[in-house]
Amino acid sequence: MVIAIDGPAGAGKSTVAKKVAKLLGMFYLDTGAMYRAFTHYVIAKKADLDNKSEIKKLLEGFELSISQDNVRANGKDITKEIRWENVTTNVSYISSIDFVRNKMVELQREIGKNKDIVVEGRDIGTVVFPDTRYKFYLDADVVERAKRRLKDKKNEEKKVSMLAMKEKIQKRDQYDSTRDNSPLKQANDAVLIDSTHMTIDEVCKYIINKVKG
Ligand code: DC
């Protein structure tokens, strides 16, 4: 069983997906963390981001291990590092590269093979698990999303102003939704949830009710 939760940055996908997974006894998979992990790896290796063959080589030597709480790249725990500003700035670009997406999608399907999972991302309902019956597209007003990001104490971007955060989110959404390969978009058969005026618990309850049908 796969519950797919897609949507733009800051819509609350992580918090909701984590909680729904816990309540239903399912595995939580954060696919954004996978793209972030590789982006961090590429930056740490000081690769030239414009050189696709260099990035491809790095991908060949990249070993990802992801649990519900930790992300490891080639054995190194980088759970905190993947939230750093330099990763957030470059992850949209790195995740738009075809061969990067192909590898991550393959890994995501592999993880979903033997487990019941709640998966959050941008292309889960459209590309990664298009056949699942449970698809949600979680959205919220951009000002509300920027507010939520600023509130997140773990977020390095805390010092950023409200306006700057809003612009950063809009820029990333624009990039993610206009790329050629599996852009961010609501699947035709996904249930749209506008969480602007909803609490986390309300969103979780709504999803669980839909799933239990
Ligand atoms: O959810 P997040 O902010 O951690 O995701 C980071 C980036 O990864 C996001 O800007 C786009 C990319 N991403 C993607 O292309 N496909 C996914 N399924 C998940 C994330």
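Residues numbered from 1 in each chain as written. Predicted model: local features only at pLDDT ≥ 70, side-chain atom pairs only at ≥ 80, totals over all residues. Heavy atoms only, no water.

A.B. asks: In this structure, what is going on with the sheet that holds strand β7 (residues 134–139)? I would like to understand it.
C.D. replies: Sheet strands line up and pair through hydrogen bonds in the backbone, either parallel or antiparallel. In space, the five strands of this open sheet follow the order β2-β6-β1-β7-β8, with parallel pairing throughout. Pairing within the sheet leaves two strands with one partner each, and these edge strands are β2 (27–30) and β8 (191–194). Strand after strand, the sheet turns through a mean of 20° between neighbouring axes, direction not considered. Two strands pair when backbone bridges link them, and β2 and strand β6 (residues 117–121) are joined in this way by four bridges, in the parallel orientation. By the bridge assignment for β6, tyrosine 28 is matched with valine 118. (Pairing = 2+ DSSP bridges. Helix = DSSP H or I, 4+ residues; strand = E, 2+ residues; numbered from the N terminus. Axes fitted to C-alpha atoms, helices over the stretch in contact; angles between N-to-C directions.)

A.B. asks: Quick question: what am I supposed to make of the packing of aromatic side chains here?
C.D. replies: Aromatic rings considered in pairs are described by the distance between their centres and by the relative angle of their planes. Under the defined criterion, the tally for this structure stands at three aromatic pairs. A connected cluster of aromatic rings, assembled from ring pairs, spans Phe38, Tyr41 and Phe62. Taking NZ or CZ as reference, lysine 115 lies 4.8 Å from the ring centre of phenylalanine 27, over its face. (Phe/Tyr/Trp six-rings, centres within 6.5 Å; stacked < 30°, edge-to-face > 60°. Lys NZ or Arg CZ within 6 Å of the ring centre and 35° of its normal.)

A.B. asks: Looking at this structure, how should I read the environment of phenylalanine 62?
C.D. replies: In this fold, phenylalanine 62 is placed in the loop between α3 (52–60) and β3 (64–66). Phenylalanine 62 gets classed as buried once you look at its relative accessible area, which sits at 3%. Put simply, phenylalanine 62 and lysine 168 are 106 residues apart on the chain and 28 Å apart in space, counted from C-alpha to C-alpha. Beyond its immediate chain neighbours, meaning those up to four positions away, phenylalanine 62 contacts Ala37, Phe38, Tyr41, Ala73, Asn74, Lys103 and Met104. (Buried < 20%, exposed > 50% of the residue type's maximum accessible area, 1.4 Å probe, protein only. Contact = heavy atoms within 4.5 Å.)

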